[in-house]
Amino acid sequence: RRPRMHGGVKMGNQSRWAGFLAIVFTLALQTRHVEATCASFAAWLKPVNHFSNFSGFVAFRPLPDGQSIVIDWQIKYPSNANPNMQTKLAGIFGPSQTPGVKPASSGPLLDLGVMPMPSSPGNVVSSRVMRASNYMSQILSYMREGLLFVDVIVDATTQEELVGKIVIPNCMEASLQSTSASGFANLLYTNEGYAFRFIFRQDVSSTVATLGFENDAQTTTVHLNNEIRLSGQSYTYTVGNLSQGSGLNFTSTATLSTTNLGQISFQFKDALPCRVLSNVDSSLFRIAEDYRSDWITIWSMNPSNPDVRTSLSPLYFAHPYSVMLGGSAQDIFQRFGMSTVELQTMNQHIVDVNSLKPGDVVCVIPRWHSVRSGNGALICV
């Protein structure tokens, strides 16, 4: 089965090689790369058969090399699911000729692999894969334009199918601190739904937790994640439908009640741009290497001891730059020595960096040998 590709870009060979590339780069997937505090894209998966109780979620984090992407995906199996089921097909499909409508053609642009079987009915099973493609820039462009979908056949016998449009989510974040625990939380949301992610430095593998918001009597049972993961292991999100929780006020004070770590109060705030979440393997050198920068530049944006870093702490990888009235992408290219490809790679949330508006915030990494001052003179000569 081959996809029909639209938009004047010939990508048929990509689908032929997607499986091969996926296998190669899955074997190389480790915690080597730092990852952005917020996923650039997400998809809430819903059953084609509306009487089905399957559901799913996918988060996408493009890597700064411009050719690779880390994908966290998960499926929630109903309590009456067949314990011997196995995903038949899971991938990214498109582009759609009609925005918002899943394309009738099939054949994945990127293959998500096979989801492990649940250990028991009713469980959420998650997986992390990394995919690479010579056509990644075009695939990401389709994602920004809302023309791609995730499609998962979760049971080869009953043909249970989950579908979700890939969108750019809103993102909020919070630091989790108490006398016995420390961690980081994310909230992704659109009109499709919401997804919480809680990560702790402490071992929370056996911890049960509930989340509640101020002035809301309802609470939600949430997944907690250990910072340390095995290769290929994903963080698990707690996913919900906004139509069922429309009364939630995500900006009010929240309380996470746990069995092992006590109660942790915090407040979600809009996520700051241009930051990565440090992990046990990250360093200023590693961040600089990933983003083709230097550790002095990274240190200048994150002042403290450069040799001592706390994991699960957000660190700036680039300077947030607010576009001024009359400003353009060309001004940014000239002043900071960046190329169009570099600027787009650092700003996957912007559909077209050549159509910036005043007030847009973009992430810039100065290429010092080409940086110019306000009067146009080279800074480094």
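Trainee: I would appreciate a short explanation of the pattern of salt bridges in the present structure.
Mentor: Between side chains of opposite charge, pairing is possible as soon as their charged atoms come close. A full pass over the atoms with the stated rule returns 11 salt bridges. The salt bridge involving E289 is made with R286; its shortest N-O contact spans 3.9 Å. Of this pair, E289 and R286 both sit in helix α3 (residues 284-290), 3 residues apart, which is roughly one turn of the helix. Taking the relative accessible area as the measure of exposure, E289 reaches 47% and is therefore partly exposed. Assessed through its relative accessible area of 22%, R286 is described here as partly exposed. Each of E35, R61, D72, R128 and R197 takes part in one network of salt bridges that share partners.

Trainee: I keep staring at the side chain of R275 and nothing clicks. Help me out?
Mentor: Take R275: it is sitting in strand β20 (residues 275-277). The contacts of R275, once residues within four sequence positions are left out, are A36, T37, E173, P314, L315, Y316 and F317.

Trainee: Which parts of the structure should I look at to understand the state of the cysteines?
Mentor: Formally, a disulfide is one covalent bond, and it connects the sulfur atom of one cysteine to the sulfur atom of another. Summed over the entire model, instances satisfying the criterion amount to 2 disulfides. Here C38 pairs with C171 through a disulfide, and the sulfurs are 1.9 Å apart. Across the S-S bond linking C38 and C171, the dihedral sits near -75 degrees, which makes this disulfide left-handed. You can see C38 sitting in the loop between β1 (35-36) and β2 (41-47) and its partner C171 sitting in strand β10 (residues 170-177), a full 133 residues away along the chain. Considered together, C38 and C171 belong to a single accessibility category, that of buried residues. What pairs with C274 in a disulfide is C363, and their sulfur atoms sit 2.1 Å apart. On the sign convention where negative means left-handed, the S-S torsion of about -95 degrees between C274 and C363 marks this disulfide as left-handed. Of this pair, C274 sits in the loop between β19 (269-270) and β20 while C363 sits in strand β23 (residues 361-364), and the two are 89 residues apart along the sequence. We classify C274 as buried; its relative accessible area is 6%. For C363, a relative accessible area of 3% puts it in the buried group.

Trainee: Explain the environment of S137 to me, please; I cannot follow it from the model alone.
Mentor: Mapped onto the elements, S137 comes out in helix α2 (residues 136-144). The exposure class of S137 is exposed, given its relative accessible area of 52%. The spacing of S137 and G66 is 71 residues in sequence and 6.7 Å in space, taken between C-alpha atoms.

Trainee: Would you take a moment to explain unusual backbone geometry for this structure?
Mentor: Generally, phi is negative for residues other than glycine and the peptide bonds are trans, each holding for most cases. Look at the link from G94 to P95: it is a cis peptide, with omega at 0 degrees. Within the secondary structure, P95 sits in the loop between β5 (89-93) and β6 (110-111). For C274, which is not glycine, the phi dihedral falls at a positive 65 degrees. Residues other than glycine seldom take positive phi values, yet R292 does so here, at roughly 55 degrees. Within the secondary structure layout, R292 lies in the loop between α3 and α4 (295-301). Exposure remark for R292: the relative accessible area of 58% places this residue in the exposed category.

Thresholds, definitions, all that
- Residues numbered from 1 in each chain as written.
- Predicted model: local features only at pLDDT ≥ 70, side-chain atom pairs only at ≥ 80, totals over all residues.
- Heavy atoms only, no water.
- Salt bridge = Lys/Arg side-chain N within 4 Å of Asp/Glu carboxyl O.
- Helix = DSSP H or I, 4+ residues; strand = E, 2+ residues; numbered from the N terminus.
- Buried < 20%, exposed > 50% of the residue type's maximum accessible area, 1.4 Å probe, protein only.
- Contact = heavy atoms within 4.5 Å.
- Disulfide = S-S within 2.5 Å.

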